[in-house]
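# Coordinate analysis (summary)
Next come the chains, spelled out residue by residue.
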Amino acid sequence: MDEVIARVAQAIGAAERILIITGAGLSADSGLPTYRGIGGLYNGQTAEGLPIEAALSGPMLQRDPALCWKYLAELGRACLGAQANAGHYAIAELQRLKPQCWVLTQNIDGYHRAAGSPPERLIEIHGELAPLYCQSCGAIDPQLAEHLSRPLPPTCQLCGGVLRPPVVLFEEMLPERAINSLYAEQGKGFEVVVSIGTSASFPYIVEPLLRTRQAGGFTAEINPGHGDLSDVVDVHVQERALDVLPSLLSHIKRHRICK
Ligand code: APR
């Protein structure tokens with residue numbers, strides 16, 4: 001595996017414009033469940049016999065806030081009960097070494113920020129779990145943890161409206177600021193794109209990687225599983241992110257192959 005990691009380290013070390021795309025697999029090493037694949041959240045139906053995508057949807061939050069919040073609370077407890085791992089910290093360190101290294105994450109756990117990734121180069125395309133806000137009056141409520149130990153759905157202290165997290169629920173639009181940032185950076189081009197721990201289920205996740213490949217850039221995937229991207233990238237490191245990222249960073253630093 002070392003020579004594979006050395007190849008990825010070489011490409012990153014020689015590049016300026018780098019995009020790291022991350023998914024639930026990166027936080028799986030923190031103990032969080034993934035959405036698809038073995039043990040994924042989406043594999044089964046909910047206790048109410050619904051697909052989880054229906055329970056965690058925008059229309060459900062309006063129709064039956066208590067039901068939607070039952071599953072939002074599960075995600076919230078999992079995220080609050082765990083923490084960023086050495087993979088998140090390695091990515092944050094890479095961003096310090098490379099001023100034009102960006103992160104595009106689908107994760108809502110906030111672990112990239114916690115690990116020190118610069119918010120101005122972090123695109124959280126599915127939003128994040130906190131702070132909550134009131135759907136009626138817009139008041140911000142930072143007490144996610146406290147609300148999870150009270151009856152659901154959480155309500156606004158000012159107007160009694162139902163609170164929600166700034167996440168993208170199913171059947172909702174992506175955050176405009178995030179998508180604009182992604183397209184602006186994509187327009188400048190990337191020399192290297194590395195996909196880490198994602199099933200790449202969405203076009204806006206696959207597109208930056210395919211465009212970089214078509215432009216002759218270097219692409220890699222870090223994922224113990226084999227998915228649609230695995231046959232497209234230049235290098236597929238078929239290992240867990242936590243087993244790869246720290247040594248990838250030490251390769252890059254040891255050989256001082258940063259420009
Ligand atoms: N290291 C790296 N990859 C891993 C690890 C690990 N330790 N464990 C699992 N994986 C891989 C799996 O093989 C899978 O390809 O992580 C991927 C997780 O895929 P998903 O569960 O589909 O998660 P993700 O790709 O992030 O889902 C995207 O779907 O419903 C939405 O909002 C949800 O953000 C989520 C999005």
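All right, on to the packing of helix H9 (residues 176-188) against helix H10 (residues 203-214) then. Axis separation between H9 and H10 bottoms out at 10 Å; the angle between their running directions is 10°. Taken together, the axis directions place H9 and H10 in an arrangement best described as roughly parallel. Contacts between H9 and H10 involve Leu182, Tyr183 and Gln186 from the former and Tyr204, Glu207, Pro208 and Arg211 from the latter. Of the residues in the contact of H9 with H10, the class split is 4 nonpolar, 1 polar and 2 charged.

Moving on to the domain arrangement of the protein chain. What the domain assignment reports for the protein chain is domain 1 (2-31 + 84-130 + 171-258) and domain 2 (38-81 + 131-164). Placing the centre of domain 1 and that of domain 2 at their C-alpha centroids yields a distance of 28 Å. In this assembly, 7 residues from domain 1 lie in contact with 11 residues from domain 2. Both sides of the domain 1 and domain 2 interface together cover about 790 Å² of buried area, and 62% of this is carbon and sulfur. Considering only the surface of domain 1 that becomes buried against domain 2, Leu129, Ala130 and Glu172 emerge as the three largest contributors, covering 62% of it. Here glutamate 172 and arginine 164 are joined by a salt bridge, their closest N and O atoms 2.7 Å apart. In this assembly, domain 1 and domain 2 are joined by 2 residue pairs in polar contact (both at pLDDT 80 or more).

What counts, and where the lines are drawn
- Residues numbered from 1 in each chain as written.
- Predicted model: local features only at pLDDT ≥ 70, side-chain atom pairs only at ≥ 80, totals over all residues.
- Heavy atoms only, no water.
- Axes fitted to C-alpha atoms, helices over the stretch in contact; angles between N-to-C directions.
- Helix = DSSP H or I, 4+ residues; strand = E, 2+ residues; numbered from the N terminus.
- Parallel < 35°, antiparallel > 145°, perpendicular 65-115°, else oblique.
- Contact = heavy atoms within 4.5 Å.
- Nonpolar A, V, L, I, M, F, W, Y, C, P; charged D, E, K, R; others polar.
- Domains from an automatic or database assignment.
- Buried area = accessible area lost by both parts, 1.4 Å probe.
- Salt bridge = Lys/Arg side-chain N within 4 Å of Asp/Glu carboxyl O.
- Polar contact = N/O pair within 3.5 Å; in protein donor to acceptor, adjacent residues only side chain to side chain.

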